[in-house]
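Examining the three-dimensional arrangement
Here is what each chain is made of, one letter per residue.
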Amino acid sequence: QVQLVESGGGLVQPGGSLRLSCAASVSIFNIYAMGWYRQAPGQARELVAVLSSGSKINYADSVKGRFTISKDNSKNTVYLQMNSLKPEDTAVYYCNCVYYGMEHWGKGTLVTVSS
């Protein structure tokens, strides 16, 4: 069983920045894919950014140029740097990974973008 613990959410003004962290209970070196999803109130969960095997990175069109996903293998942690935040980025952000064919989720961290 993989435990994923997110942190870094909070309230930020439009145009501001936040960095989310996701700490895994296993070595992320062996994780096939790891990334971030988000779910806004009344909406379906959607992909934000994902790091896959071979350092392949995919971003949702809505965050390209503003968000950056990265990882630190020594800390078993994946990050999501979010810049130029917009009110429509408000959501619960979930960390996700695929580990030996099994999908795992964190409990989520709330990001609120509001003035």
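Each remark here, short or long, concerns the structure printed above.
Okay, so let's go over this structure.

Rules used in this analysis
- Residues numbered from 1 in each chain as written.
- Predicted model: local features only at pLDDT ≥ 70, side-chain atom pairs only at ≥ 80, totals over all residues.
- Heavy atoms only, no water.
- Helix = DSSP H or I, 4+ residues; strand = E, 2+ residues; numbered from the N terminus.
- Buried < 20%, exposed > 50% of the residue type's maximum accessible area, 1.4 Å probe, protein only.
- Polar contact = N/O pair within 3.5 Å; in protein donor to acceptor, adjacent residues only side chain to side chain.
- Contact = heavy atoms within 4.5 Å.
- Disulfide = S-S within 2.5 Å.

Here Arg-38 lies in strand 4 (residues 33-39). For Arg-38, a relative accessible area of 6% translates into the label buried. Polar contacts involving the side chain of Arg-38 include one to the side chain of Glu-46, which spans 2.7 Å. A polar side-chain atom of Arg-38 sits 2.9 Å from a polar atom in the side chain of Asp-89. Residue contacts for Arg-38: discarding those within four places in its chain leaves Ala-44, Arg-45, Glu-46, Val-48, Ser-62, Val-63, Phe-67, Glu-88, Asp-89, Ala-91, Val-92 and Tyr-93.

What follows deals with the state of the cysteines. One pass over the full model with this rule turns up one disulfide. Here Cys-22 connects covalently by a disulfide to Cys-95, the sulfurs 2.0 Å from one another. Where Cys-22 bonds to Cys-95 through sulfur, the torsion about that S-S bond is close to -85°, and the disulfide is left-handed. Placement of Cys-22 in strand 3 (residues 18-24) and of Cys-95 in strand 9 (residues 91-99) is noted, with a sequence separation of 73 residues between them. An identical accessibility class is assigned to Cys-22 and Cys-95; each is buried. Free cysteine Cys-97: the closest other cysteine sulfur is in Cys-95, separated by 6.7 Å.

Let us now look at the environment of Val-12. Along the chain, Val-12 turns up in strand 2 (residues 10-12). Classification of Val-12 by relative accessible area gives buried; the value is 10%. Separated by 101 residues in sequence, Val-12 and Val-113 have C-alpha atoms that sit 5.0 Å apart. Setting aside chain neighbours within four positions, we find Val-12 in contact with Ser-17, Leu-18, Leu-85, Thr-112, Val-113 and Ser-114.

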